[in-house]
Amino acid sequence: MSAEASATSRPGREPALDWLRGLAALAVVMFHYFHKGPMEGWMPVRQHPLLDALSAYGYLGVHLFFMISGYVIMMTAQHADLRHFVASRISRLVPALWFCATLTALIELLIPESPFKPLSWTQYLANLTLVPAWFGQEPIDGAYWSLAIEINFYLWVAAAIALGQLRHIERLLLAWLALSFVNLLRPMYPVQLLTSAHWAPLFAGGAFFYLVRASGWTRQRRLALCASLLLACAYAWRETGPLRGWDTLVRLDAGPNHLVIQAIILACFGAFRWMVSRPLTSSGDALSDLAGRLTYPLYLIHQNAGYALFGLAASGGLVAVLGPGFVTLLIIGMALAAAWFVNVVVEQRLGPALRRWVAGTRPPLVAWSPPHSSTSRERP
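These numbers come from a predicted model, not from an experiment.

Draft legend 1. Broad picture of the pattern of salt bridges. For the structure shown, the criterion picks out six salt bridges. One salt bridge connects Arg-213 with Glu-14, and the closest N-O pair in it is separated by 2.8 Å. Separated by 199 residues along the polypeptide, Arg-213 in helix α9 (residues 200–215) and Glu-14 in the segment before α1 (15–40) bring together distant segments of the chain. Both residues of the pair, Arg-213 and Glu-14, belong to the buried class. With its nearest N and O atoms 3.2 Å apart, the salt bridge here joins Lys-36 to Glu-40.

What follows is the structure in structure tokens.
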């Protein structure tokens with residue numbers, strides 16, 4: 001998931017990016033509450049079959065998050081030296097993560113019906129680092145797995161900044177795509193672990209779309225985006241598993257449909273293509289701003305805590321009285337309220353102070369701008 005959220009209204013905003021964030025978060029919430037949770041027995045009542053079938057594709061919201069991250073991190077990196085880049089990432093990720101991880105652990109401990117429980121203090125403390133796997137620990141919430149992928153991407157961007165290589169960012173992204181292609185043909189666990197080659201097409205796709213937004217189209221960027229799309233589709237096809245018969249391509253009742261998944265990946269790239277073709281606005285509306293601000297805390301707080309609350313409602317008879325769908329909507333409303341609280345009370349108050357503390361008071365030492373060339377304004 002992308003950990004970015006919209007800033008307040010400002011010149012050159014991308015309200016469409018905030019809406020894409022909100023759409024991605026909603027898709028993931030639907031996937032967990034209406035498909036994954038019931039299927040795994042973590043929510044002890046089956047949901048409506050149609051909602052189940054539609055929500056089965058919600059995991060692709062994470063794919064959209066990774067594209068958004070590629071776009072936003074490329075935008076962030078162009079105006080930052082290493083210290084300021086690190087400060088922006090820590091201040092954006094840490095306050096909400098620490099609060100939501102703590103709240104999730106407390107809910108899991110206090111509600112007997114929770115299907116998950118914190119394993120130890122070691123697991124909890126390891127999760128506060130954002131990379132619990134580095135300490136041999138599991139995420140304290142199932143949704144946190146994507147944070148490790150995000151951190152890996154941030155580290156490589158930070159390395160490029162530290163080594164003064166952002167002026168060669170397009171070559172670096174192309175090399176990453178080439179490595180992803182090799183990994184697709186011959187999966188290599190160390191390569192996937194260290195370089196996130198599996199997810200490179202999504203991050204690189206978002207990054208190239210930002211470069212297009214910043215300085216226009218070039219032939220290289222066209223080819224790179226085509227390669228990103230093809231690789232993203234190929235990996236998504238492989239994730240879905242082998243075909244259980246060619247007839248499943250035209251059926252929607254036989255589990256996740258390969259062609260529907262390909263269409264969703266194509267739609268994600270199409271949304272970015274549409275976004276970068278539109279002029280920047282001087283300000284965004286309040287709803288798009290809210291959608292962007294709530295995305296990250298909603299992603300962090302909804303899954304395991306939601307399962308625990310649903311189990312509590314089921315054991316208390318509330319699900320039997322109101323129905324599983326209505327109870328699930330109530331829990332979504334609670335998750336949104338919690339996300340708003342985290343954003344207003346935690347992120348907006350602690351984030352700026354933490355950023356100033358990490359970055360210090362010095363202005364950025366190095367500013368990088370996307371390269372311009374004689375063909376950079378080539379129209380699509």
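We are not done yet, so read on.
Draft legend 2. A look at the nonpolar core. One finds Tyr-33, Tyr-71, Tyr-144, Leu-173, Phe-209 and Phe-272 to be the most contacted residues of the largest nonpolar core, which totals 100 residues. Top contributing element to this core by residue count: helix α3 (residues 60–77), with twelve residues.

Draft legend 3. Expanded view of empty space enclosed by the protein. With the rule as written, the count across this model stands at one cavity of 30 Å³ or more. Lining the largest cavity are His-63, His-198, Trp-199, Leu-202, Ala-232, Tyr-235, Ala-236 and Glu-239. Among the elements that take part in the lining of the largest cavity, helix α10 (residues 219–240) stands out by supplying four residues, more than any other.

Draft legend 4. Summary view of the environment of Ile-149. Relative to the elements of secondary structure, Ile-149 occurs in helix α6 (residues 145–162). Residue classification places Ile-149 among the buried positions, given a relative accessible area of 16%. Beyond its immediate stretch of four places on either side in the chain, Ile-149 contacts Phe-66, Ser-196, Trp-199 and Phe-203.

Here is what the cut-offs are and how they apply
- Residues numbered from 1 in each chain as written.
- Predicted model: local features only at pLDDT ≥ 70, side-chain atom pairs only at ≥ 80, totals over all residues.
- Heavy atoms only, no water.
- Salt bridge = Lys/Arg side-chain N within 4 Å of Asp/Glu carboxyl O.
- Helix = DSSP H or I, 4+ residues; strand = E, 2+ residues; numbered from the N terminus.
- Buried < 20%, exposed > 50% of the residue type's maximum accessible area, 1.4 Å probe, protein only.
- Core = buried A, V, L, I, M, F, W, Y, C linked by side-chain atoms within 4.5 Å.
- 1 Å grid on protein atoms, 1.4 Å probe; cavity = no way out; pocket = protein on both sides within 12 Å on 5 of 7 lines; lining within 4 Å.
- Points joined across faces, edges and corners; volume = space filled by probe spheres on them.
- Contact = heavy atoms within 4.5 Å.

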